[in-house]
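# Examination of the molecular architecture
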Amino acid sequence: MNWLKREIEELKSKHLYRELKVLNSPQGKNLNISGRRVINFSSNDYLCLASHFDSECSKWGMGSGASRLISGNFEIHEILEEALAKRKGTEAALLFSTGYMANIGTVSSLASSKDLILSDELNHASLIDGCRLSRAKVLIYPHKDVETLEHLLSKHRKKYRHCFIVTDSVFSMDGDIAPIDKLFEIKKIYNCTLIVDDAHATGVVGWSSFELFGIKPDENTVIVGTLGKALGTFGAFVCGTKLLREYLINKCRSFIFTTAPPPIIACQTLKNLEKVPARMKKLKERISYFRKTSGIKSESAIFPVILKDEQTAIELANYLLKNGFFTPAIRPPTVKESRIRISLCSEHTKEEINRLWETINRFLKAYT
Ligand SMILES: *Cc1c(COP(=O)(O)O)cnc(C)c1O
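Residues numbered from 1 in each chain as written. Predicted model: local features only at pLDDT ≥ 70, side-chain atom pairs only at ≥ 80, totals over all residues. Heavy atoms only, no water.

Residues in close proximity to the ligand total 14 residues, the closest being Gly99, Tyr100, Asp197, His200 and Lys229. Between the ligand and Asp197, the relevant distance is 2.5 Å, taken from a nitrogen atom to a side-chain nitrogen or oxygen of the residue. Between the ligand and the protein, one listed contact pairs an oxygen atom with a side-chain N or O atom of Lys229 at 2.6 Å. When residues in the shell around the ligand are grouped by element, the largest group, 3 residues, is from helix α3 (residues 99–110). Considered class by class, the residues forming the shell around the ligand number 2 nonpolar, 9 polar and 3 charged. (Near = heavy atom within 4 Å. Polar contact = N/O pair within 3.5 Å; in protein donor to acceptor, adjacent residues only side chain to side chain. Helix = DSSP H or I, 4+ residues; strand = E, 2+ residues; numbered from the N terminus. Nonpolar A, V, L, I, M, F, W, Y, C, P; charged D, E, K, R; others polar.)

In spatial order, the strands read β1-β2-β11; together these 3 strands make up an open sheet with mixed pairing. Each edge of the open sheet carries a strand with a single partner, namely β1 (30–33) and β11 (325–326). Bridge analysis of β1 against strand β2 (residues 36–40) gives 4 bridges, and the strand direction is antiparallel. Paired with Asn32 across the bridge in β2 is Arg37. (Pairing = 2+ DSSP bridges.)

As a further point, take the pattern of salt bridges. This structure, assessed with the given rule, holds 17 salt bridges. With a shortest N-O distance of 3.9 Å, Arg245 and Glu78 are connected by a salt bridge. Linking Arg245 in helix α8 (residues 242–251) with Glu78 in helix α2 (residues 75–88), this pair joins segments that are 167 residues apart in sequence. A cluster of three or more residues bridged by salt bridges with shared partners is formed by Arg68, Glu78, Glu81 and Arg245. (Salt bridge = Lys/Arg side-chain N within 4 Å of Asp/Glu carboxyl O.)

Strand order in the open sheet formed by 3 strands is β10-β13-β12, and the pairing between neighbours is antiparallel. Each end of this open sheet is capped by a strand with a single partner; those strands are β10 (302–306) and β12 (329–330). In the sheet, β12 pairs with strand β13 (residues 339–343) via 2 bridges, with the strands oriented antiparallel. Opposite Ala329, over in β13, you have Ile340 as the bridge partner. Here helix α11 (residues 310–322) sits on the sheet and contacts β12 and β13; the angle it forms with β13, its principal contact strand, is near 40°. (Contact = heavy atoms within 4.5 Å. Axes fitted to C-alpha atoms, helices over the stretch in contact; angles between N-to-C directions.)

Between the first and last C-alpha of α11 there are 19 Å, a value that for 13 residues agrees with the 18 Å anticipated at 1.5 Å per step. Within α11, the full set of buried residues consists of Thr312, Ala313, Leu316, Ala317, Tyr319, Leu320 and Leu321. Next to the buried residues of α11 lie β2, β11, β12, β13 and α12 (350–367). Where α11 terminates, the next one or two residues include Gly324, which has phi positive at roughly 90°. (Expected span 1.5 Å × (residues − 1). Buried < 20%, exposed > 50% of the residue type's maximum accessible area, 1.4 Å probe, protein only.)

Among the surface-exposed residues, Met1, Trp3 and Leu4 lie close enough to one another that they form a single nonpolar patch of about 370 Å² accessible area. Its location among the elements puts Leu4 in helix α1 (residues 3–13). (Patch = residues over 30% accessible without salt bridge, like charges linked within 9 Å, V, L, I, M, F, W, Y side chains within 5 Å. Areas by Shrake-Rupley, 256 points an atom, 1.4 Å probe, with all protein chains shown as cover.)

It is worth spelling out the state of the cysteines at this point. The final tally for this structure, using the stated rule, is 1 disulfide. Cys57 shares a disulfide with Cys267; S-S distance 2.1 Å. Sign of the S-S torsion, about -75° for the bond between Cys57 and Cys267, identifies this disulfide as left-handed. A residue pair is termed long-range when its members are at least 10 positions apart, and Cys57 in the loop between β2 and α2 and Cys267 in helix α10 (residues 263–294) qualify at 210 residues. Note on accessibility: Cys57 and Cys267 belong to one class, buried. The cysteine Cys345 is free of any disulfide, with Cys48 supplying the nearest cysteine sulfur at 3.0 Å. Residue Cys345 is classed as buried on the basis of its relative accessible area, which comes to 5%. (Disulfide = S-S within 2.5 Å.)

Before going further, it helps to spend a moment on the nonpolar core. Leu118, Leu153, Ile165, Ile340, Ile342, Leu344 and Ile360 are the most contacted members of the largest nonpolar core, which has 78 residues in total. Discounting chain neighbours no more than four positions away, the residues touching Ile342 are Phe41, Phe290, Ala301, Ile302, Phe303, Val305, Thr327, Leu356 and Ile360. In this structure, Ala102, Val107, Leu127 and Leu248 belong to the second largest nonpolar core, which totals 23 residues. (Core = buried A, V, L, I, M, F, W, Y, C linked by side-chain atoms within 4.5 Å.)

Moving on: the environment of Ala230. Along the chain, the position of Ala230 falls in the loop between β8 (221–226) and β9 (236–240). With relative accessibility at 1%, the residue Ala230 sits in the buried group. Considering only alpha carbons, one finds Ala230 and Phe326, 96 residues apart in sequence, at a separation of 18 Å. Ignoring any residue separated from it by four or fewer positions in sequence, one finds Ala230 in contact with Asn44, Tyr46, Leu47, Leu49, Thr202, Gly203 and Val204.

Glancing now at the pairing of β13. A large share of β13 lies buried, amounting to 5 of its 5 residues. Here β13 shows two buried faces, one formed by Arg339, Arg341 and Ser343 and the other by Ile340 and Ile342. Here β10 runs beside β13; their pairing, made up of 5 bridges, is antiparallel. Looking across to β13, one finds that Val305 is bridged to Ile340.

It is worth spelling out the packing of α3 against α8 at this point. It is at 10 Å that the axes of α3 and α8 come closest, and there the two elements cross at 95°. On the basis of their axis angle, the class for α3 and α8 is roughly perpendicular. Every residue of α8 that contacts α3 at Thr106, Ser109 and Leu110 is listed here: Leu244, Tyr247, Leu248 and Lys251. Of the residues in the contact of α3 with α8, the class split is 4 nonpolar, 2 polar and 1 charged. (Parallel < 35°, antiparallel > 145°, perpendicular 65-115°, else oblique.)

It is worth stressing that arrangement in space is one thing and function is another; only the former is reported here.
Encoded structure:
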């Protein structure tokens, strides 16, 4: 398998080689990386809940022992599902082991070869893979471009049986927000189902992206949330009608053929939910402060600093690390334009935010 080596060499020559960084501390606002203490501006742990553990949850044990349909369905799973559905404003929710699995399973079990999917060009890889697995006809529309979306629907909708509009709500690399209100109207006009990925919205912009727009999810709405980001644990959930939940339990391969999420995680997630409102309020203050300080037009906790090439992104990331800030470079194929991606958490102080922004500007002045 020597060709693996050639592929790796090619990545290195293009500044696209990736390496793992090792943490020597729990996730949080401060991290120890390779022995160095840094301020973490790179985590999806937006509410600094990841390091929390209530010992009371240990009564559930660690493993779940089986898939949900065999003997791994615990009461605590169902209690959490009800709590999550209530917060998303839907009838029901179903837990999944990860957001990646929730997305590939939901999209591919709902859509099939007779159907049409319209997908935003900047959607998360897991939605893209779900579209591919479904074997449906997939049309990619330009980022947030509802006019083109309508045009595509008016031209193609009638040739297909079911139709799905699929989008991230908060886009994971730019931090901007999909026009959920317009997508919601369009899906009604063209008799489609709207599938929204709230991974970076849950616990950041509200309990749900729909809240921002004052919309109540209807029976043709599916919202995917994740637990591994603002909610501080691990896993994901799909929200919709009771009928959707029943269907996924019976048809969704990434729900059926995998071990159930550990009950201890469901327990801890329930505990964390109580802490969300107060922390979300703090996070929102930090977000508006950094938006003002930096002039970056983000509507979420994600702030991209776009750079001219891969090398500059890596150099800036290294410069920041040397100065005590952890903000890794994000490069193709994850994004088109290389960048450092800053993410805020509820515990960052104004002083830390100011110092980060000053350090970035010092680099940009001196090296670009
Ligand atoms: C992180 C993420 C996922 C995947 O969730 P995991 O639980 O980490 O597998 C899905 N969609 C988006 C937009 C994400 O950012």
